[in-house]
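Structural characterization, general
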Amino acid sequence: MSKEKTNFFKKPGVQSLIASLICIILGLLIAFIVLLIINPQSAFSSISNIIKNFFWFKNPTSRLKYFGETLVKTVPLLMCALAVLFSYKVGLFNIGTPGQYCAGIVASLYAALKWQLGWIPCMLLAMIAGALLASIVGVLKAYLNVNEVISGIMLNWICLYFTNSTLTAVKNPSSKDTLTLASTNKGALLPTLGLDKLFKDKYVTIAIPIAILIAVIIMIVLDKTKFGYELKATGINKNAAKYCGMMEKSNIIVTLVISGALAGLGAAFYYLTDFEQWAVTSSTVPAMGFNGIAATFLGGLNPIGTIFSSYFITHITAGGAFVDLTKYSSQITDLISALIIYLCGFVLFMKTVMNNIIRKNEATKNENSKNEGGKN
Amino acid sequence: MDSPYAIEMLNITKRFPGIVANDNITLQLKRGEIHALLGENGAGKSTLMSVLFGLYQPEEGVIKKDGKEVKINDPNDANDLGIGMVHQHFKLVECFTVLDNIILGVEPNKYGVLQKDEARKKVIELSKKYGLMVDPDAKIEDITVGMQQRTEILKMLYRDNEILIFDEPTAVLTPQEIDELMQIMRNLKAEGKSILFISHKLAEIMAVADRCTILRKGKYIGTVETKGTTAQELSSLMVGRNVNFHIEKQPQKLGDVVLEINNMTVASKTHKNNAVKNVSLKVRAGEIVCIAGIDGNGQSEFVHGLTGLEPLVSGDIKLNGMDITKAPIRKRNTSGMSHIPEDRHKHGLVLDYSLENNLVLQTYFLPEFTSKAGFLKKDNIRHYAEKLIEEYDVRSGQGPVTMARAMSGGNQQKAIIAREIDKDPDLLVAVQPTRGLDVGAIEFVHKQLIDRRDSGKAVLLISLELDEVMDVPDRILVMYEGEIVGEFDPKKTTQEELGLYMAGAKRMEVRS
């Protein structure tokens, strides 16, 4: 066991960071190439507009305002990413986050608009709704060994149309969207604690600090507590968990319940700001849930990393709006952000590639210095 | 073809960061001989074979085939040279037939259409020639482990391999199947095949091999003719010291009944009948009781019922007089029962957890390791792990933080044994605790079991190894088709007598 100097690039944290950065750069590069193929003249200005996003604005006040709004949109993505991350760390792939996010939307908006409840009960109901939906997946997995990916995806669509049909009851008669909270129930709006004044934007609420706090709590729970130890053990080896007397079935359910609650809460954190209303004609599940998967991997499967990766993805998606639409078709915005997000999922692959390169370098080094014999 | 050697590996050295896995090793396999490769876990056998198959490139040394130097860059090169291997864990497609598995990768075809008839003819011919009885149309999932192994051998023969490597082939076989395999190997030898037999079971090497090359800790110790040596000598060459085959036990001091099982019946997962039928037994403090039997006669289900992994159909279990028939697993584990499981990867360890986390798998929830608020006390866990690693000599690359997956099988087992014994249980249930271990590690495990007994605790040992059954326990119970069919004093019985009961040829009325 000789440990001379551990290679700097061998540290897992450093590796995750570098792998994520490589993926981002690759994604941007491919997006740039696509733009270049379609229209060479404005490719460079478009890609730099995407990256610059609101930094491109001249007025500092509107820059701050747009930064605030990007943060508002980051929160639900971060919560979905944390939901995916939490279950992934426990060995479950919760691809049902879009559905659980929908459940959070329907619960919080219905409670706010129909029942006129305050923001706290609305938020709690959103969590409960997400948790309940996820618990179905958990029970099926634990007792009938139904693959959580299959049952999760199926429920996404069921929940989407349930949301549409339920929220039609609180629809704005003159549009396809639900009523605004500002016009119907101001008590359901999340408190801002002065953050709105700081960012000069009324949508900036306590959701942002709370989401960051939740990321920190999740890291602590997974790494430092008995609860996290049990959940991870169950996720990695269900049989061993049973053998040593853990409640392996309820651990699976609890994991998905927490994951679902996080996604549901993410919906409340967004829709209770009034920033956006739900369109009851939606025919696709919210992208948040799936982008959460990309954010999780881009964040190096680390809750804190996920904060930054979620911000990045939101930033790029919003920046897509600044592509010169006189030169490109309007779908280009989605195409570019989709390309970049897609590449974000390659972080683990990048890590493997990096490790192989390091190992090869070491092997050649060892061959060069044959005189140095090893010890046991 | 002037060289008498089919394959030669001369002065092979292979280094990994921090360790020399093969240090100047020479292995010469004569044409038409059975050559054993003997060494403990971690002696470098697997590395040497990986070099032969081109998975690793050695830093020094050459490989010669029929006296000519060859370069092996990948397993395909090895195949082209006629080298084939039966792996310890078979590489078969479960839902394919025997024939499909044999031709897999070298399917005979005309314009892409399979020509199975010729293949079948060739397979049947081969199986007749070498006495490898197996139905070519049976599915792998339906046939016994012994037949699966024969399929693997046929795979090599079908590819006209001349050099056959068997990696620990007897680890998964029953005593009868082992005898059959030995005969098959002799047949192959008689037909001019050269066989490399990797093993650490001395009796088998003595029975079947012509010569034996011994490795120890990556070094070449020597090559000996088996005719001119003894098992005792081989084992001391392998381990580097004299191994005590005889197990020292103190005179027995029987205490109170620790475990009492009445009329236990457990359902089977694979068929409709019960796997365990009406089993009653008692284990007292200060004794080792061994349940012997051929694999698959209900031992696993019996243990699952006893430890709570599966529910009972009927019957009851008392531990220290307390009824634990319906107790959850955690309750059993904290009431004085420890369980060294049969399958250390499936049940015994969380392979992607560190060694230290695995060492507290049964105790992590105690106040010593978890604070009132639910936080793990990582310092305490580290200290405890370091203590166990020291006491039980668990070896690993990076100590407590090594991933369990990265440890050798023997050390994984040592870690489980350390964890289970350090709880100081009143009853230790040890299921095949020496499975897949080498001589040195087996000696260690047996000593631990005897120490439990001598310190006045009860041990229930479930074993398939007849040597272990004869040497370790104070009392033997034979299990056949889910029933206890005989009770023996190991001092007053023979392996032959036990064999008759294990095979179901005889039975006696047992009521404890």
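Just so it is clear, the structure is predicted and the values come from calculations on it, not from any experiment.

1. Focus: the overall build of chain B
When helices and strands are counted, chain B shows 17 helices and 22 strands. For 512 residues, the compact-globule estimate of 2.2 N^0.38 gives 24 Å, and the C-alpha radius of gyration of chain B, at 25 Å, lies within 12% of that figure. Referenced to the eigenvectors of the C-alpha coordinate spread, the extents of chain B come out at roughly 75 × 50 × 50 Å. Within chain B, the fraction of its 512 residues that count as buried is 44%.

2. Description of the overall build of chain A
Check the secondary structure of chain A and you find 16 helices and 0 strands. Viewed in the frame of its principal axes, chain A has a C-alpha envelope of about 80 × 65 × 35 Å. Buried positions account for 48% of the 376 residues belonging to chain A. Nonlocal contacts in chain A, meaning residues at least 24 apart in sequence, comprise 77% of its contacts between residues at least 6 apart.

3. Some points on the domain arrangement of chain B
Here the domain parsing of chain B yields domain 1 (5-239), domain 2 (249-336 + 426-512) and domain 3 (343-424). Between the C-alpha centres of domain 1 of chain B and domain 2 of chain B the distance comes to 35 Å.

4. Overview of the interface of chain A and chain B
Each partner contributes residues to the interface: chain A has 23 residues there, and chain B has 31 residues. Examining the composition of the side of chain A that touches chain B, we find that 5 residues originate from one element, helix α10 (residues 226-236) of chain A, more than from any other.

5. Remarks on unusual backbone geometry
Phi is mostly negative for residues that are not glycine, and the peptide bonds are mostly trans. Residue and element names in this part refer to chain B. With a phi close to 50°, Asp66 is a non-glycine residue in the positive phi region. Checked against the element boundaries, Asp66 lands in the loop between β4 (60-65) and β5 (68-70). Phi at Asp393 is positive, roughly 55°, even though this residue is not glycine. Summarising the element assignment, Asp393 is placed in the loop between α13 (378-392) and α14 (409-422). On the basis of neighbour count, Asp393 is assigned to the exposed category, with 12 C-beta atoms found within 10 Å.

6. Comments concerning the sheet that holds strand β14 (residues 274-284) of chain B
Residue and element names in this part refer to chain B. Sheet architecture is open: 4 strands sit in the order β14-β13-β16-β17, paired in antiparallel fashion. One side of each edge strand has no neighbouring strand; the edge strands of this open sheet are β14 and β17 (322-323). Bridge count between strand β16 (residues 314-319) and β17: 2 bridges; the pairing is antiparallel. In the strand pairing of β17, Leu319 is matched with Met322.

7. Re the environment of Ile22 of chain A
Residue and element names in this part refer to chain A. Of note, Ile22 is situated in helix α1 (residues 12-38). The exposure class of Ile22 is partly exposed, given the 17 C-beta atoms found within 10 Å. Between the C-alpha atoms of Ile22 and Val347, which are 325 residues apart in sequence, the distance is 8.3 Å.

8. Examining helix α12 (residues 248-271) of chain A
A rise of 1.5 Å per residue sets the reference length of α12 of chain A, with its 24 residues, at 34 Å; its end C-alpha atoms lie 35 Å apart and thus fit the reference within 8%. α12 of chain A sits mainly inside the fold: 22 of its 24 residues count as buried.

9. Some thoughts on the sheet that holds strand β15 (residues 288-292) of chain B
All names here are of chain B. Within the open sheet, the 6 strands sit side by side as β18-β19-β20-β15-β21-β22. Their pairing is mixed. Sheet topology places β18 (337-340) and β22 (483-488) at the edges, where each strand pairs with a single neighbour. Between one strand and the next, the sheet's axes are offset by a mean angle of 20°, whatever the strand orientation. Looking at chain direction, strand β19 (residues 427-431) and strand β20 (residues 458-463) are connected through 5 bridges and run parallel. In the sheet register, Val429 faces β20, and the bridge partner there is Leu460. The sheet strands contacting helix α17 (residues 495-502) are β15, β21 (475-480) and β22, and the helix crosses β21 at an angle near 35°.

10. Comments concerning the packing of helix α3 (residues 60-89) of chain A against helix α14 (residues 303-319) of chain A
Residues and elements named next belong to chain A. Relative orientation of the contacting elements α3 and α14 amounts to 135°, with a least axis distance of 8 Å. With respect to α14, the element α3 is oriented oblique. Judged by the sense of rotation from one axis to the other, the crossing of α3 with α14 is right-handed. Contact residues: α3 offers Thr70, Lys73, Thr74, Leu77, Leu78, Ala81, Leu82 and Leu85, while α14 offers Pro303, Thr306, Ile307, Ser310, Tyr311, Ile313, Thr314, His315 and Ala318. When grouped by side-chain class, the residues that make up the contact of α3 with α14 number 10 nonpolar, 6 polar and 1 charged.

11. Some points on the nonpolar core
Formed by 141 residues in total, the largest nonpolar core has its most connected members in Phe197, Leu427, Val429 and Val478 of chain B. Core analysis: the next-biggest nonpolar cluster, separate from the first, contains 103 residues, Leu82, Ala207, Ala215 and Leu272 of chain A among them.

12. A look at the environment of Leu461 of chain B
Residue and element names in this part refer to chain B. Looking at the element boundaries, Leu461 is found in strand β20. For the pair Leu461 and Glu107, spaced 354 residues apart in sequence, the C-alpha separation works out to 47 Å. Residue contacts for Leu461: discarding those within four places in its chain leaves Ile288, Cys290, Ala430, Leu449, Val472 and Pro473.

13. Re the confidence of the model for chain B
In this model, chain B carries a mean pLDDT of 88, and residues with pLDDT of at least 70 account for 96%. Scoring the predicted complex yields pTM 0.75 and, for the interface, ipTM 0.79.

14. Some details on the pairing of strand β12 (residues 219-225) of chain B
Residues and elements named next belong to chain B. Strand direction decides the pairing type here: strand β11 (residues 211-216) and β12, joined by 6 bridges, are antiparallel. Note on β12: the bridge partner recorded for Thr213 is Thr223. In this structure, the hairpin formed by β11 and β12 is closed by a connection of 2 residues, where Lys217 is found at a positive phi of approximately 50°.

15. Thoughts on the confidence of the model for chain A
Taken residue by residue, chain A gives an average pLDDT of 86. The fraction at 70 or more is 94%. Within the model, pLDDT remains below 50 along residues 370-376 of chain A, and this stretch shows 10 contacts once partners closer than five positions in the same chain are excluded.

16. Section: the environment of Leu10 of chain B
All names here are of chain B. Mapped onto the secondary structure, Leu10 falls in strand β1 (residues 5-16). Using a count of 16 C-beta atoms within 10 Å as the deciding quantity, one classes Leu10 as partly exposed. Measuring from C-alpha to C-alpha, the distance between Leu10 and Asp135 comes to 41 Å, with 125 residues separating the pair along the chain. Excluding anything up to four places from it in sequence, Leu10 contacts Thr26, Gly61, Val62 and Lys64.

17. So, the packing of α14 of chain B against helix α15 (residues 439-454) of chain B
A pair of packed helices is characterised by two quantities: the angle between their axes and the separation of those axes. Residue and element names in this part refer to chain B. Packing of α14 against α15 leaves a shortest axis separation of 11 Å and a crossing angle of 10°. The orientation of α14 relative to α15 falls into the category roughly parallel. Within the contact between the two elements, α14 uses Gly410, Gln413, Ile417 and Ile421 and α15 uses Ala441, Val445, Gln448 and Arg452. Among the residues forming the contact of α14 with α15, the class breakdown is 4 nonpolar, 3 polar and 1 charged.

What counts and how
Residues numbered from 1 in each chain as written. Chains lettered and ligands numbered in written order. Predicted model: local features only at pLDDT ≥ 70, side-chain atom pairs only at ≥ 80, totals over all residues. Helix = DSSP H or I, 4+ residues; strand = E, 2+ residues; numbered from the N terminus. Rg over C-alpha atoms; globule rule 2.2 N^0.38 Å. Buried ≥ 20, exposed ≤ 12 C-beta atoms within 10 Å, placed from the backbone. Contact = placed C-beta atoms within 7 Å. Domains from an automatic or database assignment. Pairing = 2+ DSSP bridges. Expected span 1.5 Å × (residues − 1). Axes fitted to C-alpha atoms, helices over the stretch in contact; angles between N-to-C directions. Parallel < 35°, antiparallel > 145°, perpendicular 65-115°, else oblique. Left-handed = near helix turned anticlockwise from the far one by under 90°. Nonpolar A, V, L, I, M, F, W, Y, C, P; charged D, E, K, R; others polar. Core = buried A, V, L, I, M, F, W, Y, C linked by C-beta atoms within 7 Å. pLDDT = per-residue confidence, 0-100.

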